[in-house]
Amino acid sequence: MTNTPDLLRLIATVFIAVTCVVIGDTAGKLLTGGGVDPFIVAWSRFFLAALMLLPFSGLTRQELPALLDWRVLLRAGLIASGICCILTALKTEPIANVFGAFFVGPVVSYVLAILFLGERPSLQRSLLLGLGFAGVMLVVKPGFGSSAGMGFALAAGTFYGAYLVMTRTLAGTFRPRFLLISQLLIGAVVLTPLGLQAYFPLPDMSLLVLLLVSAVGSALGNFLLVMASRKAEASLIAPLVYSQLISATALGIVVFGEWPDLVSLAGLALIAVSGLGSLLVHQRAGKARLSGTGA
């Protein structure tokens, strides 16, 4: 059971985390829209963040073998794949729509948490996540003007949902700073061949600043999500991540002048209702369990 003050802190932490991620992806969209290859942006994000955070990671020689743990490698591969997919999607699609499609992730996280983590399914949560999935479909519009970019956004959400579950699985085994630096180091190594093959324009100050913002925003956001995952179930973190829609829509309007069309806006609203409803259901279930124990 998560009490109200703890829940409010968790909501604030997750919202700050996902906003940092959106800021990083906004910088990534500016880069890819300016002609920088998505693989370059993804590689530089992992490489720069690893370079900046390695001195503060507390990584020890004894922990180095853990970098080859298959679970650590899988987790890093999932987030690297998700970031490559979302940067590819952002190159051509409005940021709010990309994050709308990306929210297939909580559905994936919920299902995987039930299958592999033994978390108990709930009819109400299942219905609410089904509502959210319907919202995703309104945003993606499969078969009705959908694009390859939205397909990449769906793939990114799928990878991210699996990443959330792997983070929850490993959060009690490894330090949060180790989990963060492991995904950065592994992602940088895996993406290096792709980054070296891609075209890189002549760097200038604005390009370097955007690369830095992209790296810092993503690294900080994912670190905060790791911290949150140590204190809450994956099924609770999943609906809170829906708050990313607020940041994505606001930045899409302010930075790019991108207003969602009516169908996409309806889909985003359904996704937001699903997230809020899932959170309320989680709280009611927790209170019922607490009452049942006589606490």
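All of these numbers come straight from a predicted model, not from anything done at the bench.

1. Some details on the packing of aromatic side chains
In the structure shown here, the tally under the stated rule is five aromatic pairs. Ring centres 5.7 Å apart and planes at 70° place the aromatic pair Phe99 and Phe102 in the edge-to-face group. With Phe99 and Phe102 both in helix α4 (residues 95-102), this residue pair falls three residues apart, about one helical turn. On the accessibility criterion, Phe99 (0% relative accessible area) is buried. Three or more aromatic residues joined by ring pairs make a cluster, and in this case those are Phe99, Phe102, Tyr160 and Tyr163. Note that Lys29 overlies the ring of Phe256, its terminal NZ or CZ placed 5.3 Å from the centroid.

2. Side note on the state of the cysteines
One pass over the full model with this rule turns up zero disulfides. Of the cysteine sulfurs around Cys84, a residue in no disulfide, the closest is that of Cys85, at 7.0 Å. When its relative accessible area of 10% is taken as the criterion, Cys84 is described as buried.

3. A look at α4
Of all eight residues making up α4, eight are buried, and the element is well covered by its neighbours. Of the residues making up α4, those classed as buried are Ile95, Ala96, Asn97, Val98, Phe99, Gly100, Ala101 and Phe102.

4. Considerations on the packing of helix α2 (residues 38-53) against helix α3 (residues 70-90)
Where α2 contacts α3, the axes come no closer than 9 Å and their chain directions differ by 140°. Here α3 runs oblique to α2, going by the angle between their axes. The crossing of α2 and α3 is right-handed. Only Ile79, Ala80, Ile83, Cys84, Leu87 and Thr88 of α3 make contact with α2, whose side of the interface consists of Pro38, Phe39, Val41, Ala42, Arg45 and Phe46.

5. Section: the nonpolar core
With 78 residues, the main nonpolar core has Val14, Phe46, Ile86, Phe99, Phe103 and Tyr160 as its most contacted residues. Per element, the largest residue contribution to this core is twelve residues, and it comes from α3. Contacts of Val14, omitting those with residues within four sequence positions, involve Leu225, Ala228, Ile237, Leu240 and Val241.

6. A short note on a nonpolar patch on the surface
Together, Ile23, Met205, Val209 and Val213 give the surface a local cluster of nonpolar side chains, amounting to about 340 Å² of exposed area. Top contributing element to the nonpolar patch by residue count: helix α9 (residues 205-229), with three residues. Considering the arrangement of structural elements, one finds Val213 in helix α9.

7. Points about the environment of Gly132
Along the chain, Gly132 falls in helix α6 (residues 123-140). Given the relative accessible area of 1%, Gly132 is considered buried. Note: C-alpha distance between Gly132 and Val104 (28 residues apart in sequence) is 8.0 Å. Look past the residues within four positions of Gly132 in its chain and what remains in contact with it is Leu270, Ile271 and Ser274.

8. Describing the pattern of salt bridges
Counted by the stated rule, this structure contains four salt bridges. Its salt-bridge partner being Arg45, residue Asp25 comes within 3.0 Å of it at the nearest N-O pair. Residue Asp25 is found in helix α1 (residues 4-33), and its partner Arg45 is found in helix α2; the two are separated by 20 residues along the sequence. Taking relative accessible area as the criterion, Arg45 reaches 3% and is therefore assigned buried.

9. Considerations on empty space enclosed by the protein
Counted according to the given criterion, the structure contains three cavities of 30 Å³ or more. A volume near 120 Å³ is recorded for the largest cavity. Every residue lining the largest cavity is counted, 13 residues in all, and those nearest its centre are Val21, Ile79, Ile83, Phe102 and Tyr160. If you list the elements that add at least two residues to the lining of the largest cavity, you get α1, α3, α4 and α9. The greatest single-element share of the lining of the largest cavity, amounting to four residues, is contributed by α3.

10. Brief notes about the side chain of Thr167
If you trace the backbone, Thr167 turns up in helix α7 (residues 148-170). Owing to a relative accessible area of 2%, Thr167 belongs among the buried residues under this scheme. Setting aside anything within four residues of it in sequence, one finds Thr167 in contact with Arg75, Val226 and Ser229.

About the cut-offs
Residues numbered from 1 in each chain as written. Predicted model: local features only at pLDDT ≥ 70, side-chain atom pairs only at ≥ 80, totals over all residues. Heavy atoms only, no water. Phe/Tyr/Trp six-rings, centres within 6.5 Å; stacked < 30°, edge-to-face > 60°. Helix = DSSP H or I, 4+ residues; strand = E, 2+ residues; numbered from the N terminus. Buried < 20%, exposed > 50% of the residue type's maximum accessible area, 1.4 Å probe, protein only. Lys NZ or Arg CZ within 6 Å of the ring centre and 35° of its normal. Disulfide = S-S within 2.5 Å. Axes fitted to C-alpha atoms, helices over the stretch in contact; angles between N-to-C directions. Parallel < 35°, antiparallel > 145°, perpendicular 65-115°, else oblique. Left-handed = near helix turned anticlockwise from the far one by under 90°. Contact = heavy atoms within 4.5 Å. Core = buried A, V, L, I, M, F, W, Y, C linked by side-chain atoms within 4.5 Å. Patch = residues over 30% accessible without salt bridge, like charges linked within 9 Å, V, L, I, M, F, W, Y side chains within 5 Å. Areas by Shrake-Rupley, 256 points an atom, 1.4 Å probe, with all protein chains shown as cover. Salt bridge = Lys/Arg side-chain N within 4 Å of Asp/Glu carboxyl O. 1 Å grid on protein atoms, 1.4 Å probe; cavity = no way out; pocket = protein on both sides within 12 Å on 5 of 7 lines; lining within 4 Å. Points joined across faces, edges and corners; volume = space filled by probe spheres on them.

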